[in-house]
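# Survey of secondary and tertiary structure
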Amino acid sequence: MCKKLFLYCCVFLFCISCKQIDKQKLSDIDSFQNYEDILNKENFLDSLYNETTQNKNDSLTRATFLKIAARYDLLEKDDKFKRTIEHISQLATKAKDTTHQAQAFWYLGDYYDRKQVLDSTYHYYIKSEKLYASQNDSIYWGQMLIYKAGVLYDLGIYTESEVATIQAI
């Protein structure tokens, strides 16, 4: 009887340790450890994107998508960057997660800024600014005002640009 109990305990501990190893592997993927050593980063990000779409819509999933989007941005994969950000925006809207919504709008504004589509840039910066203001996040709200002021300046709307800059200060 004692030997069977010992054997069952050993099997149980082995199963628990296997699950802990699986969680460790998952956290390694989530934190992008060894990402710099990967030769084909785009394929890695594509597979990680596909894996992450299978996860439930929670803040960790949305944060992982933000990391994936940032890496696509560094690789200058604009279409995949935009697709990922739009996906984050949809997930955040469904979850009523204003923090990730604001970040997604900010990233979309940056995307359109690079494409020199200033009306869309302004539109997304305004959406992000309003969300940060509603959260009383004065730091990101101020940054969005500065970004908005930059777009207004580029459009030649100097007075409003100056007002937004002063408001940010």
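Below is a short write-up of the structure. Starting afresh in each chain, residues are numbered from 1 along the sequence in its written order. Local features in this predicted model are restricted to residues of pLDDT 70 or higher, and side-chain atom pairs are both shown and tallied only at a pLDDT of 80 or more, whereas totals for entire chains, interfaces and linings draw on every residue. Each side-chain value is derived from all of the structure's non-hydrogen atoms; neither hydrogens nor water enter the calculation.

For the rest of this paragraph, the subject is the overall build of the protein chain. Secondary structure assignment for the protein chain yields 8 helices and 0 strands. Across the 169 residues of the protein chain, 33% fall into the buried class. The accessible surface values rely on the Shrake-Rupley method and a 1.4 Å probe; as for residues, cover is taken only from the protein chains in view. Roughly 11,000 Å² of accessible area belongs to the protein chain as shown, and the carbon and sulfur atoms make up 57% of that amount. The way it works is that DSSP assigns letters per residue, a run of H or I at least four long becomes a helix, a run of E at least two long becomes a strand, and they are numbered from the N terminus. Buried means the residue's accessible area, taken with a 1.4 Å probe over protein chains only, is under 20% of the maximum for its type, while exposed means over 50%, and partly exposed covers the values in between.

By size, the foremost hydrophobic cluster in this structure holds 27 residues, and its most contacted members are Phe65, Ile68, Tyr72, Phe81, Ile85 and Ile88. At the level of secondary structure, the elements contributing two or more residues to this core comprise helix H2 (41-52), helix H3 (59-74), helix H4 (78-95), helix H5 (98-114), helix H6 (118-134) and helix H7 (138-155). Broken down by element, the residue count for this core peaks at 7 residues, all from H5. Throughout, a contact is declared for two residues whenever any of their heavy atoms are within 4.5 Å. Beyond its immediate stretch of four places on either side in the chain, isoleucine 85 contacts Leu66, Ala69, Ala104, Tyr107 and Leu108. Side-chain atoms within 4.5 Å link the members of a nonpolar core, which is a set of buried Ala, Val, Leu, Ile, Met, Phe, Trp, Tyr and Cys residues.

In this section: the environment of tryptophan 106. The topology assignment puts tryptophan 106 in helix H5. Classification of tryptophan 106 by relative accessible area gives buried; the value is 11%. Taking the C-alpha atoms as reference points, tryptophan 106 and tyrosine 122, 16 residues apart in sequence, are found 9.9 Å from one another. Once you skip the residues sitting within four places of it in the chain, tryptophan 106 turns out to touch Tyr125, Ser128, Tyr132, Tyr140, Gln143, Met144 and Tyr147.

A fitted line through C-alpha atoms serves as each axis, taken over the contacting stretch for helices, and the angle formed by two N-to-C directions is quoted from 0 to 180°. Look at H4 against H5: their axes get within 8 Å of each other, and the N-to-C directions meet at 155°. Comparing the axis directions of H4 and H5 gives the class roughly antiparallel. Relative to H5, the crossing made by H4 is left-handed. Of the residues in H5, those touching H4 at Asp78, Asp79, Phe81, Lys82, Ile85, Glu86, Ile88, Ser89, Ala92 and Thr93 are His100, Gln101, Ala104, Phe105, Tyr107, Leu108, Tyr111, Tyr112 and Arg114. Side-chain classes are defined by residue name, with Ala, Val, Leu, Ile, Met, Phe, Trp, Tyr, Cys and Pro counting as nonpolar, Asp, Glu, Lys and Arg as charged, and the others, Gly among them, as polar. Residues of the contact of H4 with H5, tallied by class, amount to 10 nonpolar, 4 polar and 5 charged. Put simply, angles under 35 degrees are roughly parallel, angles over 145 are roughly antiparallel, angles from 65 to 115 are roughly perpendicular, and the rest are oblique. Take the far helix as your reference; a near helix turned counterclockwise from it by less than a right angle gives a left-handed crossing, and one turned clockwise gives a right-handed crossing.

Non-glycine residue glutamate 76 carries a positive phi angle of around 60°. With respect to the helices, strands and loops of the structure, glutamate 76 is situated in the loop between H3 and H4. We note that glutamine 116 has phi near 60°; this positive angle belongs to a residue other than glycine. Along the chain, glutamine 116 turns up in the loop between H5 and H6.

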